[in-house]
Amino acid sequence: MSSLKWIETKNYDELSEIASDLFEQQIKQKPTSVIGLATGSTPIGLYNRLVERNKAGILTFKDVTTFNLDEYVGIDPNNKASYHYFMNEHLIDHIDIKKENTYIPEGHINDLEKACHVYEEQIQKSGGIDLQVLGIGVNGHIGFNEPGTSFDSLTHIVELTQSTIEANQKYFDKPEDMPKSAITMGIKTILQARKIILLISGESKQDAFSRLRTGEITEDFPASSLHLHPDVTVIYSGVK
Ligand code: F6R
C-alpha cells in the first residue's frame with residue numbers, strides 16, 4: 001500500500017524552501033549524512049537555498065557525502081552540459097563540502113561496466129544514502145531509468161528515450177551533441193535510500209503527476225516504484 005506523503009505548494013519558491021528545510025533538518029540531525037542529488041531544472045531553487053544557508057553559517061556540509069543519480073556517457077566532466085559541471089556550478093563549488101566526498105557516476109571512462117560496480121560499492125561503503133532527492137521525467141523516469149527498467153536494477157548504462165532526448169537537448173550547444181546513453185543509479189539503488197523527496201514542478205509534468213497519483217505500480221512508469229518505499233515525500237507546484 002502506497003504511503004507517499006504529498007505536499008502541495010503555492011509556487012516553485014515555496015517548493016524549494018520546503019525541500020531545503022527538509023535537507024537542513026536531515027543534515028542537522030546527522031552531520032555525516034549521505035545525500036543523493038539530482039540535476040535538471042527542478043532542484044536548482046533548492047540548491048540556491050542550500051548555498052545561501054551555507055554562506056549564512058546556518059548549515060554546514062563539512063561532513064556530508066553526496067552521490068549524484070546520473071551522468072551522460074562519453075561526455076567530459078568539463079563540458080558545460082555534463083552533470084559534473086552542473087553540480088559544481090549550482091552547489092558543490094559554493095558550499096563547504098569536501099570535494100572528495102562528492103560522487104558522480106563516471107560516464108567518461110572506458111570501462112563503464114566497472115564504473116557501475118564501483119559506484120554501487122562506493123554507496124555501500126558510505127553506509128548508504130540517508131536522503132535522496134529526485135525529479136521526474138515527463139515519461140515518469142527517475143534518474144535516467146526509462147520506462148521498462150526493472151525495479152531490481154542497480155547502477156547501469158541506459159539508452160535514453162526520444163522523450164528524454166527532446167527534453168534535454170536544450171542544454172547542448174548543438175542538439176545533435178546530446179549523448180544517447182547515460183549511466184544511472186538503478187531503481188533498486190534509489191529505493192535503498194532511507195528517505196526520498198520527489199520534486200515535481202510545472203505543467204509539463206501534469207501527466208506524470210496524475211499517473212503517480214493513481215497509485216498504479218508498473219515498470220512502464222518508473223516513478224511508480226516509489227509506492228513501494230516507506231518514506232517518500234512528494235513536494236509539488238504547478239500541477240493538480
Ligand atoms: C537528473 C535526473 C532526471 C531529472 C528529470 C527531471 O539527475 O535524474 O530524472 O530529475 O529528468 O528533469 P527536470 O528537473 O529538468 O525537469
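Let me sum up the structure you'll find in this document. Predicted model only: the values in this text are computed from it and were never measured.

A word on the packing of helix α1 (residues 12-29) against helix α2 (residues 44-55)
Their axes nearest at 8 Å, the elements α1 and α2 cross at an angle of 55°. Here α1 lies oblique to α2, going by the angle between them. Relative to α2, the crossing made by α1 is right-handed. Between α1, through Tyr12, Asp13, Ser16, Glu17, Ala19, Ser20, Asp21, Phe23 and Glu24, and α2, the contact on the second element is made entirely by Ile44, Gly45, Leu46, Arg49, Leu50 and Arg53. Partitioning the contact of α1 with α2 into residue classes produces six nonpolar, three polar and six charged.

Observations concerning the site of the ligand
Near the ligand, the surroundings consist of 14 residues, among which Thr42, Asp70, His141, Gly143 and Lys205 are the closest. For the ligand, an oxygen atom lies 2.4 Å from a polar atom in the side chain of Thr42. His141 places a polar side-chain atom, nitrogen or oxygen, 2.7 Å from an oxygen atom of the ligand. Out of a free accessible area of 410 Å², the ligand has 92% covered by protein chains. Of the residues in the shell around the ligand, the class split is four nonpolar, eight polar and two charged.

Section: the side chain of Ser33
Structurally, Ser33 is set in the loop between α1 and β2 (34-37). You can call Ser33 buried: its relative accessible area is 0%. Reaching out from Ser33, the side chain makes a polar contact with the backbone oxygen of Lys30 at a distance of 2.6 Å. Dropping the residues within four chain positions of it, Ser33 is found in contact with Gln26, Ile27, Asp63, Val64, Thr65 and Asp130.

Looking at the pairing of strand β10 (residues 232-237)
Burial runs high along β10: six of the six residues are buried. Side chains Val232, Val234 and Tyr236 project from β10 onto one buried face, and the interleaved Thr233, Ile235 and Ser237 project onto a second face that is buried too. Pairing of strand β1 (residues 5-8) with β10, which is carried by four bridges, proceeds in the parallel orientation. Following the sheet pairing, Ile7 is matched in β10 by Ile235. Relative to β10, strand β9 (residues 195-201) is paired through six bridges, and the arrangement is parallel. By the bridge assignment for β10, Ile197 is matched with Thr233. As for the winding sense of the linkage, the β-α-β connection from β9 through helix α7 (residues 206-214) to β10 is right-handed.

Structural notes on the sheet that holds β9
With parallel pairing, the seven strands of this open sheet are ordered in space as β1-β10-β9-β6-β2-β3-β5. The open sheet has two edge strands, β1 and β5 (102-103), and neither has a second partner. α1 rests against β1, β2, β6 (131-134), β9 and β10 of the sheet, and its axis sits at about 165° to β9.

Some words on the sheet that holds strand β8 (residues 181-184)
Strand order across the open sheet formed by three strands is β4-β8-β7, with antiparallel pairing between neighbours. Every interior strand has two partners, whereas the edge strands, β4 (70-72) and β7 (156-159), have only one. Between one strand axis and the next, the sheet turns by 25° as a mean value, whatever way the strands run. By the bridge criterion, four bridges tie β7 to β8 in an arrangement that is antiparallel. Within the sheet, the bridge partner assigned to Val158 lies in β8 and is Ala182. This element, helix α4 (residues 112-125), spans β7 and β8 of the sheet and lies at about 125° to β7.

Some remarks on helix α3 (residues 83-90)
Of all eight residues that make up α3, six are buried, and the element is covered over most of its length. Listing the buried residues of α3 in full gives Tyr83, His84, Phe86, Met87, Asn88 and His90. Tucked inside the fold, the buried residues of α3 contact β2, α2, β3 (65-68), β4 and α5 (162-168).

A look at the pattern of salt bridges
Scanning all chains against the criterion turns up 13 salt bridges. Between Asp21 and Arg53 there is a salt bridge, with the nearest N and O atoms lying 2.9 Å from each other. Note that Asp21 is positioned in helix α1 and Arg53 in helix α2, a separation of 32 residues in sequence. Given a relative accessible area of 35%, Asp21 falls into the partly exposed group. Here Asp130 makes a salt bridge to Lys30, at a shortest N to O gap of 3.0 Å. Here Asp130, found in the loop between α4 and β6, pairs with Lys30, found in the loop between α1 and β2; they are 100 residues apart in sequence, far enough to count as distant. Among the residues examined, Asp130 registers a relative accessible area of 6% and is labelled buried.

About the cut-offs
- Residues numbered from 1 in each chain as written.
- Predicted model: local features only at pLDDT ≥ 70, side-chain atom pairs only at ≥ 80, totals over all residues.
- Heavy atoms only, no water.
- Axes fitted to C-alpha atoms, helices over the stretch in contact; angles between N-to-C directions.
- Helix = DSSP H or I, 4+ residues; strand = E, 2+ residues; numbered from the N terminus.
- Parallel < 35°, antiparallel > 145°, perpendicular 65-115°, else oblique.
- Left-handed = near helix turned anticlockwise from the far one by under 90°.
- Contact = heavy atoms within 4.5 Å.
- Nonpolar A, V, L, I, M, F, W, Y, C, P; charged D, E, K, R; others polar.
- Near = heavy atom within 4 Å.
- Polar contact = N/O pair within 3.5 Å; in protein donor to acceptor, adjacent residues only side chain to side chain.
- Areas by Shrake-Rupley, 256 points an atom, 1.4 Å probe, with all protein chains shown as cover.
- Buried < 20%, exposed > 50% of the residue type's maximum accessible area, 1.4 Å probe, protein only.
- Pairing = 2+ DSSP bridges.
- Right-handed = clockwise from strand over helix to strand, strands pointing away.
- Salt bridge = Lys/Arg side-chain N within 4 Å of Asp/Glu carboxyl O.

Remember that the coordinates give geometry; whether it matters functionally is a separate question.
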